[in-house]
Amino acid sequence: TRPVAGVHVVLHRIGPDTAGPVDSVRTARDGSYRFRYRWSGDSSLYIVSARYHGIAYFTAPLRQRDVASPDGDVLVFDTTSRPFPLEVRGRHFVLARGTGSVPRVFDVFEIANDSTLTLVAGSGGYTWETLLPSGALRPSAGGGDVPSQAVVFAEGRARVAAPFSPGIKQVVLSYELAGGTLSIPVDAPTGVLEVLLEEGTGSVLRRGPLQRQEDVSLEGRRFQRYLGQNVPRGSVVELTLAGGGFGRELTRLLPIALAAVVLVLGVAYGRRKLASQSVGPVPLSAYSTSELAGAVAAIDALRERPDADPALLAFLDSRRAELMAALRDALARGRGAG
């Protein structure tokens, strides 16, 4: 690492009442910066962002009254458009019952960049792609770490144009299904492959690399759960569909649940590595301040959506309260960022 001078850094406050930037400054010759802020010590958090070569980077939440290096360091990275493989750390396929006639599923990927470079789109126009099931209709994207406008669907594939900085990004795809069966192709080695089927929506014809786990509950609905680890490229999971699709309410709520369920409900999803001996629920107390604060920030953004209705807002408010309670406990214990 080396210091970077002249970078514009911004201090942000995240609180139960308001959230937004409160101050900004440019880094000195030695890469340092300095802010003064009023630390409330309760439910408010501060983070610092920096934009480098057009890419935004963030610190973990500032957890103390006085913060210095390394907690206040903002790591920025050089960029490259030369393609290199990104790792599929986890993939989570969710099929739920609704009132419509056409089933719609959510396909959630955890994509890891284990290099020291931020990958940006080159001449091909995208940084990562995946093969869609052959029966996927009207695909869309949104609800993860990649904006919907950065995903293009063409030639039976989803192609992401957004940059991938070192670390993990969540890509959330959804599509409707045609026909009575579905084959889920695995076109890249996958660390964790999870399939959740709500009772009455279908069953697994061919598990391939998957093993049946204990059922889980999501928003009062019971799901069959199948899990595989270190799944090789070329594997296929086949499902038979029982009919029925997403109702309007579930279509709105499930993307939010997928984005935050790992923190809200304690189900072990792909942001936390799964070992064979620990595939059960993970309590909120097991997550770091940065993970909890990230979920709060994501929910705050979702609450500002112009199409949010009262049912959606009630859902978000209840989940935010749970997260904030866990976050306050984490800050009181002084747990580090994960």
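Residues numbered from 1 in each chain as written. Predicted model: local features only at pLDDT ≥ 70, side-chain atom pairs only at ≥ 80, totals over all residues. Heavy atoms only, no water.

1. Looking at the overall build of the protein
Basically, it comes down to this: Secondary structure elements are taken from DSSP: a helix is a run of H or I of four residues or more, a strand is a run of E of two residues or more, and numbering for both begins at the N terminus. Exposed residues in this analysis have more than 50% of their type's maximum accessible area, buried residues have under 20%, and partly exposed residues fall in between, with area computed by a 1.4 Å probe over protein chains only. For this analysis, residues touch if any pair of their heavy atoms sits within 4.5 Å. A 1.4 Å probe and the Shrake-Rupley method give the accessible areas. Residues count as covered only by the protein chains that appear here.
Counting secondary structure elements, the protein contains 3 helices and 19 strands. Across the 338 residues of the protein, 47% fall into the buried class. The contacts of the protein with a sequence gap of at least 6 include a subset with a gap of at least 24, amounting to 72%. When the accessible area of the protein is evaluated, it comes to approximately 16300 Å², of which 50% is carbon and sulfur surface.

2. Looking at the layout of surface pockets
Here is the rule: Of the two site types, the cavity is a set of points on a 1 Å grid over the protein atoms alone where a 1.4 Å probe fits but cannot get out, and the pocket is an open set with protein on both sides within 12 Å along at least five of seven lines, each lined by residues with an atom within 4 Å of a point. Grid points are joined across faces, edges and corners, and a volume is the space filled by probe spheres set on the points. Put simply, Ala, Val, Leu, Ile, Met, Phe, Trp, Tyr, Cys and Pro go in the nonpolar bin, Asp, Glu, Lys and Arg in the charged bin, and everything else, Gly too, in the polar bin.
Of the pockets and cavities examined, the second largest pocket occupies roughly 1000 Å³. Only β1 (8-14) and β3 (45-52) provide two or more residues apiece to the lining of the second largest pocket. Each residue belonging to the lining of the second largest pocket can be placed in one class, and the counts come to 18 nonpolar, 7 polar and 8 charged.

3. Regarding the confidence of the model for the protein
The following threshold applies: For every residue, the pLDDT score states the predictor's confidence, bounded by 0 at the bottom and 100 at the top.
Per-residue pLDDT for the protein has a mean of 75; in total, 67% of the residues score no lower than 70. Ignoring residues within four places in sequence, the model shows residues 308-312, a span with pLDDT below 50, making 5 contacts including any to other chains.

4. Some words on the sheet that holds strand β16 (residues 202-206)
Rules: When DSSP locates at least two bridges between a pair of strands, those strands are taken to pair. Note on geometry: axes are C-alpha line fits, over the in-contact stretch for helices, and angles between N-to-C directions span 0 to 180 degrees.
Strand order in this open sheet of 3 strands is β14-β19-β16, and the pairing throughout is antiparallel. Edge positions in the sheet fall to β14 (181-185) and β16, since each of these pairs with one other strand and no more. In this sheet, neighbouring strand axes are inclined to one another by 30° on average, regardless of whether the strands run parallel or antiparallel. Here 4 bridges tie β16 to strand β19 (residues 236-241), and the two strands are oriented antiparallel to one another.

5. Here we look at the environment of phenylalanine 58
Structurally, phenylalanine 58 is set in strand β4 (residues 55-58). Along the chain, phenylalanine 58 and valine 9 lie 49 residues apart, while their C-alpha atoms are 9.4 Å from each other. Discounting residues that sit within four places of it in the chain, phenylalanine 58 has contacts with Ile47, Val48, Ser49 and Val74.

6. Notes on the pattern of salt bridges
Basically, it comes down to this: Whenever Lys or Arg places a side-chain nitrogen within 4 Å of a carboxyl oxygen from Asp or Glu, that contact is recorded as a salt bridge.
Taken as a whole and judged by the stated rule, the model has 10 salt bridges. A cluster of three or more residues bridged by salt bridges with shared partners is formed by Glu129, Glu155, Arg157, Arg159 and Asp187.

7. Digging into the nonpolar core
Counted only if it meets this: Put simply, a nonpolar core is a bunch of buried Ala, Val, Leu, Ile, Met, Phe, Trp, Tyr and Cys residues held in one set by side-chain atoms that sit within 4.5 Å of each other.
Phe93, Trp128, Val171 and Leu239 are the most contacted members of the largest nonpolar core, which totals 36 residues. Counting residues per element, this core draws most heavily on strand β13 (residues 167-177), which supplies 4 residues. Once residues within four sequence positions are removed from consideration, leucine 239 is found in contact with Phe93, Gly180, Thr181, Leu182, Ile184, Val195, Leu197, Ser203, Val204 and Leu205. Membership of the second largest hydrophobic core comes to 15 residues, among which are Leu11, Trp39, Leu62 and Phe77.

8. What to know about the side chain of asparagine 113
Threshold: Any pair of nitrogen or oxygen atoms within 3.5 Å is treated as a polar contact; in protein, a donor-acceptor pairing is required on top of that, and neighbouring residues in sequence qualify only through side-chain atoms on both sides.
Along the polypeptide, asparagine 113 turns up in strand β7 (residues 104-113). Engagement of the side chain of asparagine 113 in a polar contact is seen with the side chain of serine 115, the distance being 2.7 Å. A polar contact of 2.9 Å, which involves the side chain of asparagine 113, links it to the backbone oxygen of phenylalanine 164. Residues within four places of asparagine 113 in sequence aside, it is in contact with Phe84, Leu86, Thr118, Leu119, Phe164, Ser165, Pro166 and Gly167.

9. Let's talk about the sheet that holds strand β12 (residues 157-160)
In space, the 3 strands of this open sheet follow the order β9-β12-β11, with antiparallel pairing throughout. The open sheet has two edge strands, β9 (128-131) and β11 (151-154), and neither has a second partner. Each strand of the sheet is rotated relative to its neighbour by a mean of 20°, with strand direction disregarded. One ladder, built from 4 bridges, connects β11 with β12; its direction is antiparallel. Opposite phenylalanine 153, over in β12, you have alanine 158 as the bridge partner.

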